[in-house]
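Close look at the chain arrangement
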Amino acid sequence: MILYIIRHAIAVEATGFEGDDSQRPLSGKGRRKMQAIAQGLKELEIQLDLILTSPYLRSIQTAQILAKMFDLKEDQVFCTDHLAPSGYADQLIDEINGKFGDVQHVAIVGHEPYLGNLASVLIAGDPNASIVLKKGGICRLAIDKILYGRCATMEWLLSPAQLVEIGE
Amino acid sequence: MKIYLVRHGIAYEPGEAGYEDDTQRPLTDKGRERMGKVAHVLKRLGPKPDVILSSPYLRARQTAEILAKELKYKKDRIEFSERLLPAGQPELLIGEIIEKYNVEELVVVGHEPCLGLFISLLATGNQDLSINLKYGSMCCLSADDFRIERRAVLEWLLTPKISTKI
């Protein structure tokens with residue numbers, strides 16, 4: 001499996017936003033930047049078969065921008081509570097193995113510090129290795145069989161600025 | 001402090017006629033050309049190295065020279081360390097850097113598996129981190145203080161193929 005770990009793009013500020021944190025949308029800048037990032041990812045000639053996203057609006061919107069760029073159908077985007085900021089990564093991996101074990105090219109979209117810790121567990125067996133994803137940052141892992149532990153090799157880690165440059 | 005790590009470019013294969021001495025294998029023409037592109041990207045990503053530190057092997061030295069030219073760093077100021085050899089001593093390398101090259105921006109050129117272990121020690125404190133460094137791959141780490149226990153942040157990791165698209 002090739003796993004892309006993607007942090008949601010820039011959302012509107014929490015201060016001044018009246019709704020629940022889970023309902024904060026991407027800002028105008030966040031949308032534009034994510035569009036450019038998705039273009040950059042496309043330039044890398046990668047394949048995506050499935051996107052799993054946190055149920056938070058800023059993640060769903062990030063996933064939608066990616067889905068559109070890669071011509072994914074509705075049933076190729078899947079929302080899971082295990083990717084919410086309060087979710088558990090071991091349960092996410094159980095879910096992937098249970099429902100999507102045969103899918104080759106998977107992206108997960110969510111939040112920090114959850115995603116950085118998950119990447120650290122997968123490549124180093126330790127949640128505290130210092131992998132930090134910026135908003136719109138992406139890393140690619142190559143995995144034989146995904147499990148909650150050391151099972152992956154990091155192939156690349158790109159900042160949002162680098163992805164935007166690739167897309168231009 | 002930021003450390004930019006670069007694995008040397010494509011060199012002549014070990015044992016190829018005329019290149020029996022592993023320490024003296026040069027970059028191939030393709031290796032030189034690709035490394036030129038990688039160096040150009042590295043320049044755009046911003047480093048103004050205070051020091052370029054390289055393995056003394058020819059393929060690493062040539063890589064360091066290509067980077068030095070692009071980054072406007074004097075070729076005769078390139079430093080060398082035996083601890084960067086392929087089976088080098090990443091633990092001792094960290095000590096050497098803290099002692100001698102404690103600068104704002106450091107570019108390090110070397111080999112696998114030494115570079116990968118060095119990144120692992122800095123980012124996790126142990127040797128377990130698994131990353132794929134190809135010939136001409138680049139990786140940036142940042143930290144206030146590069147001690148083994150103090151964990152450095154892995155900022156980015158670029159394959160040469162991706163570099164040429166930036």
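Residues numbered from 1 in each chain as written. Chains lettered and ligands numbered in written order. Predicted model: local features only at pLDDT ≥ 70, side-chain atom pairs only at ≥ 80, totals over all residues. Heavy atoms only, no water.

Comments concerning the overall build of chain B
Scanning chain B for helices and strands turns up 5 helices and 6 strands. Along chain B, helices and strands appear, N-terminal first, in the series β-α-β-α-β-α-β-α-β-β-α. Relative to the compact-globule value of 15 Å for 166 residues, chain B shows a C-alpha radius of gyration of 15 Å, a close match. Taking the principal axes of its C-alpha atoms as reference, chain B extends roughly 45 × 30 × 30 Å. Considering only contacts within chain B whose residues lie at least 6 apart along the sequence, 73% involve residues at least 24 apart. Carbon together with sulfur atoms contributes 46% to the accessible area of chain B, which is approximately 7,400 Å² in total. Each charge class in chain B can be summarised by its mean position, and for the 25 positive and 24 negative side chains these summaries are 7 Å apart. (Helix = DSSP H or I, 4+ residues; strand = E, 2+ residues; numbered from the N terminus. Rg over C-alpha atoms; globule rule 2.2 N^0.38 Å. Contact = heavy atoms within 4.5 Å. Areas by Shrake-Rupley, 256 points an atom, 1.4 Å probe, with all protein chains shown as cover. Lys, Arg positive; Asp, Glu negative; His and termini not counted. Charge placed at Lys NZ, Arg CZ, Asp CG, Glu CD.)

What about the packing of aromatic side chains?
Residues and elements named next belong to chain B. The final tally for this structure, using the stated rule, is 4 aromatic pairs over all chains. Plain terms: the ring middles of Tyr 4 and Trp 156 are 6.0 Å apart, the flat faces sit at 45° to each other, and that makes the pair tilted. Placement of Tyr 4 in strand β1 (residues 2-7) and of Trp 156 in strand β6 (residues 153-158) is noted, with a sequence separation of 152 residues between them. Taken as a pair, Tyr 4 and Trp 156 share a single burial class, namely buried. On the basis of an interplanar angle of 15° and a centroid distance of 4.3 Å, the ring pair of Tyr 12 and Tyr 19 is categorised as stacked. (Phe/Tyr/Trp six-rings, centres within 6.5 Å; stacked < 30°, edge-to-face > 60°. Buried < 20%, exposed > 50% of the residue type's maximum accessible area, 1.4 Å probe, protein only.)

Re the interface of chain A and chain B
Facing the 23 residues of chain A at the interface are 22 residues of chain B. Buried surface at the junction of chain A and chain B, summed over both partners, amounts to about 2,000 Å²; 54% is from carbon and sulfur atoms. Ionic pairing is found between Lys165(B) and Glu45(A), a salt bridge with its closest N-O pair at 3.6 Å. Our count for the contact surface shared by chain A and chain B stands at 12 residue pairs in polar contact (both at pLDDT 80 or more). Elements with a minimum of two residues in the side of chain A that touches chain B: α4 (114-124), β6 (152-158) and α5 (160-167) of chain A. Ranked by the residues each element gives to the side of chain A that touches chain B, the list is headed by β6(A), at 7 residues. By residue class, the composition of the side of chain A that touches chain B is 12 nonpolar, 4 polar and 7 charged. (Buried area = accessible area lost by both parts, 1.4 Å probe. Salt bridge = Lys/Arg side-chain N within 4 Å of Asp/Glu carboxyl O. Polar contact = N/O pair within 3.5 Å; in protein donor to acceptor, adjacent residues only side chain to side chain. Nonpolar A, V, L, I, M, F, W, Y, C, P; charged D, E, K, R; others polar.)

Observations regarding the state of the cysteines
Going through the model one piece at a time under the given rule, you end up with 0 disulfides over all chains. Sulfur of Cys139(A): no disulfide; nearest cysteine sulfur belongs to Cys151(A) and is 12 Å away. In this structure Cys139(B) is not part of a disulfide, and its nearest cysteine sulfur, from Cys140(B), lies 7.2 Å away. Its relative accessible area of 1% is what places Cys139(B) among the buried residues. (Disulfide = S-S within 2.5 Å.)

Notes on the packing of helix α1 (residues 28-43) of chain A against helix α2 (residues 57-69) of chain A
Residues and elements named next belong to chain A. Relative orientation of the contacting elements α1 and α2 amounts to 40°, with a least axis distance of 9 Å. As the angle between them shows, α1 and α2 are arranged oblique. Crossing of α1 against α2: the hand is right-handed. When α1 is examined against α2, the residues Arg 31, Met 34, Gln 35, Ala 38, Gln 39, Leu 41 and Lys 42 are found in contact with a partner set consisting of Gln 61, Thr 62, Ile 65, Leu 66 and Met 69. Of the residues that constitute the contact of α1 with α2, the class distribution is 6 nonpolar, 4 polar and 2 charged. (Axes fitted to C-alpha atoms, helices over the stretch in contact; angles between N-to-C directions. Parallel < 35°, antiparallel > 145°, perpendicular 65-115°, else oblique. Left-handed = near helix turned anticlockwise from the far one by under 90°.)

A look at the pairing of strand β4 (residues 105-110) of chain A
Residues and elements named next belong to chain A. In terms of burial, β4 is a largely internal element, 6 of the 6 residues being buried. With burial as the criterion, each face of β4 is covered, one bearing His 105, Ala 107 and Val 109 and the other bearing Val 106, Ile 108 and Gly 110. Sheet topology note: the strand β1 (residues 2-7)/β4 ladder contains 6 bridges and is parallel. Note that in β4 the partner of Ile 5 across the bridge is Ile 108. (Pairing = 2+ DSSP bridges.)

As for the pairing of β1(A)
Look at any regular strand and the pattern is simple: side chains alternate between the two faces of the sheet. Residue and element names in this part refer to chain A. Along β1, 6 of the 6 residues are buried, which leaves the element largely enclosed by surrounding structure. Burial along β1 is two-sided: Ile 2, Tyr 4 and Ile 6 facing one way and Leu 3, Ile 5 and Arg 7 facing the other are all buried. As defined by bridge partners, β1 adjoins strand β5 (residues 138-143) across 5 bridges and the pair is classed as antiparallel. Looking across to β5, one finds that Ile 5 is bridged to Cys 139.

Things to note about the nonpolar core
Nonpolar side chains in soluble globular proteins tend to end up buried together. Residues and elements named next belong to chain A. Counting 113 residues, the largest nonpolar core has Ile 108, Leu 141 and Met 154 as the members making the most contacts within it. Per-element accounting of this core gives the leading share, 7 residues, to α4. Excluding residues within four positions of it along the chain, Leu 141 makes contact with Met 1, Ile 2, Leu 3, Ile 5, Leu 122, Ile 123, Ala 152, Thr 153 and Met 154. (Core = buried A, V, L, I, M, F, W, Y, C linked by side-chain atoms within 4.5 Å.)

A closer look at α1(A)
Residue and element names in this part refer to chain A. Relative to the 22 Å expected for 16 residues at 1.5 Å per residue, α1 spans 23 Å between its end C-alpha atoms, a close match to the ideal helical length. Those residues of α1 that fall on the buried side of the exposure criterion are Gly 30, Met 34, Ile 37, Ala 38, Gly 40 and Leu 41. Seen from one end, α1 has its buried residues packed into an arc of 155°, which puts them on one side. Residues of α1 that are exposed and point more than 90 degrees away from the buried face comprise Lys 29 and Arg 32. Contacts made by the buried residues of α1 are with α2, β5, β6 and α5. (Expected span 1.5 Å × (residues − 1). Arc of directions from axis to C-beta.)

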